[in-house]
Amino acid sequence: MALIREFLTAIDERWSPLGSEPISLQIIGSTALMLQTDYNRGTKDSDVLESSADPTIKDRLIAIAGKETELARQSRVYIDVVNRAILFLPQQPVFHPVPNFVLRNFRVEALDVVDVVLSKLKRYKPDDINDISAMADKGLLDHGTLVARFKAAADWFSLDARAPDVPRYLENLRSVERNILDVPPSEIELPPECMPE
């Protein structure tokens, strides 16, 4: 999507190097879909996955392109830095370099289409359902890969306090299978830690 590329290019032009460049910008959500496919829909934010690296990177990104900045007002898009722990993803999410997009200070990577869909099972609002449907319509949502990635994410979430939320995500997966992929719901046995007592 040209708008997102222009927005990220504007951030790059305003960036004062810290000495650790190029910095990896891991883009998630619908923005990741638009950077990898010909999918296009309106969005107000461009979500970047928070890095475990220098915390000043997050502060600088928000100062340059956060919600209340001049760049956000001009572009009608803003940067939101998202904590990795809140996303429903396996321990090792899959990111791909965005093709034909080279910046001076950043290396832009987009979350894999299937992992974006997986992450949307947590919120599962109308925009999420529309995004998932669009990926399925484009033939970019492999059912077997989605189920395998779901199991990996459920295993990862079962290790901490996020475990009780996983059955709800499984119900959302089954809704995707029935209503979008037109396949029978998968028989997935969740880890015991994810099951209600």
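Details of the structure are given in the entry above.
Parameters and conventions
- Residues numbered from 1 in each chain as written.
- Predicted model: local features only at pLDDT ≥ 70, side-chain atom pairs only at ≥ 80, totals over all residues.
- Heavy atoms only, no water.
- Salt bridge = Lys/Arg side-chain N within 4 Å of Asp/Glu carboxyl O.
- Helix = DSSP H or I, 4+ residues; strand = E, 2+ residues; numbered from the N terminus.
- Buried < 20%, exposed > 50% of the residue type's maximum accessible area, 1.4 Å probe, protein only.
- Contact = heavy atoms within 4.5 Å.
- Core = buried A, V, L, I, M, F, W, Y, C linked by side-chain atoms within 4.5 Å.
- Axes fitted to C-alpha atoms, helices over the stretch in contact; angles between N-to-C directions.
- Parallel < 35°, antiparallel > 145°, perpendicular 65-115°, else oblique.
- Nonpolar A, V, L, I, M, F, W, Y, C, P; charged D, E, K, R; others polar.
- Pairing = 2+ DSSP bridges.
- Polar contact = N/O pair within 3.5 Å; in protein donor to acceptor, adjacent residues only side chain to side chain.
- Phe/Tyr/Trp six-rings, centres within 6.5 Å; stacked < 30°, edge-to-face > 60°.

J.: With reference to specific residues and values, describe the pattern of salt bridges.
T.: The tally for this structure, following the rule as stated, stands at ten salt bridges. With its nearest N and O atoms 2.7 Å apart, the salt bridge here joins aspartate 131 to arginine 41. Of this pair, aspartate 131 sits in helix 6 (residues 126-137) while arginine 41 is found in the loop between helix 2 (29-36) and strand 2 (45-49), placing the two residues 90 residues apart along the sequence. The two residues aspartate 131 and arginine 41 agree in class, both being buried. Here the salt bridges do not stand alone but share partners, grouping Arg41, Lys120, Arg123, Asp127, Asp128 and Asp131 into one network.

J.: Describe the environment of proline 191, with residues and values.
T.: Among the structural elements, proline 191 can be located in the segment after helix 8 (166-179). A relative accessible area of 11% means that proline 191 is categorised as buried. Between the C-alpha atom of proline 191 and that of arginine 84, which follows or precedes it by 107 residues, the distance is 21 Å. With residues up to four places along the chain from it excluded, the contact list for proline 191 reads Ala154, Asp155 and Ser158.

J.: Can you tell me about the nonpolar core, naming the residues and giving the values?
T.: Ranked by internal contacts, the top residues of the largest apolar core, which has 66 residues, are Leu8, Ile11, Leu61, Ile79, Leu146, Phe150 and Val166. With residues near it in sequence (within four places) discarded, phenylalanine 150 still touches Phe88, Leu118, Leu121, Val166, Tyr169, Leu170, Leu173, Ile188 and Leu190.

J.: Explain the packing of helix 7 (residues 143-157) against helix 8 to me, and be specific about the residues and the numbers.
T.: Where helix 7 contacts helix 8, the axes come no closer than 11 Å and their chain directions differ by 175°. In terms of orientation, helix 7 and helix 8 fall into the roughly antiparallel class. Contacts from His143, Leu146, Val147, Phe150, Ala154 and Phe157 in helix 7 reach Val166, Tyr169, Leu170, Leu173, Val176 and Glu177 in helix 8. Tallied by class, the residues present in the contact of helix 7 with helix 8 amount to ten nonpolar, one polar and one charged.

J.: Describe the pairing of strand 5 (residues 106-111), listing the residues and the values that go with them.
T.: Most of strand 5 is tucked away: five of the six residues are buried. Two strands pair when backbone bridges link them, and strand 1 (residues 23-27) and strand 5 are joined in this way by five bridges, in the parallel orientation. Along strand 5, the bridge assignment pairs glutamine 26 with glutamate 109. The pairing of strand 4 (residues 95-97) with strand 5 spans three bridges and is classified as antiparallel. Looking at strand 5, one finds that proline 97 is bridged to glutamate 109.

J.: If you had to explain helix 5 (residues 113-123) to someone new, which residues and values would you point to?
T.: A large share of helix 5 lies buried, amounting to nine of its eleven residues. Three or more residues of helix 5 are buried, namely Val113, Val114, Asp115, Val116, Val117, Leu118, Ser119, Lys120 and Leu121. Looking at the buried positions of helix 5, the neighbouring elements they touch are helix 2, strand 5, helix 6, helix 7 and helix 8. For helix 5, the N-terminal cap is aspartate 112; the gap from its side-chain oxygen to the backbone nitrogen of valine 114 is 3.0 Å. Just past helix 5, the residue tyrosine 124 takes up positive phi, approximately 50°.

J.: Explain the packing of aromatic side chains to me, and be specific about the residues and the numbers.
T.: Enumeration according to the criterion identifies five aromatic pairs in this entry. Residues phenylalanine 88 and phenylalanine 157 carry aromatic rings whose centres are separated by 5.0 Å and whose planes lie at 85° to one another, so their mutual orientation is edge-to-face. Here phenylalanine 88 is found in the loop between strand 3 (78-82) and strand 4, whereas its partner phenylalanine 157 is found in helix 7, with 69 residues between them in sequence. Looking at phenylalanine 88, the relative accessible area reads 0%, which means it is buried. With a centroid separation of 6.3 Å and an interplanar angle of 75°, the aromatic rings of phenylalanine 157 and tyrosine 169 are classed as edge-to-face. Residue phenylalanine 157 is located in helix 7, and its partner tyrosine 169 is located in helix 8; the two are separated by twelve residues in the primary sequence. Using a relative accessible area of 1% as the deciding quantity, one classes tyrosine 169 as buried. Three or more aromatic residues link up through ring pairs in this structure, and these residues are Phe88, Phe150, Phe157 and Tyr169.

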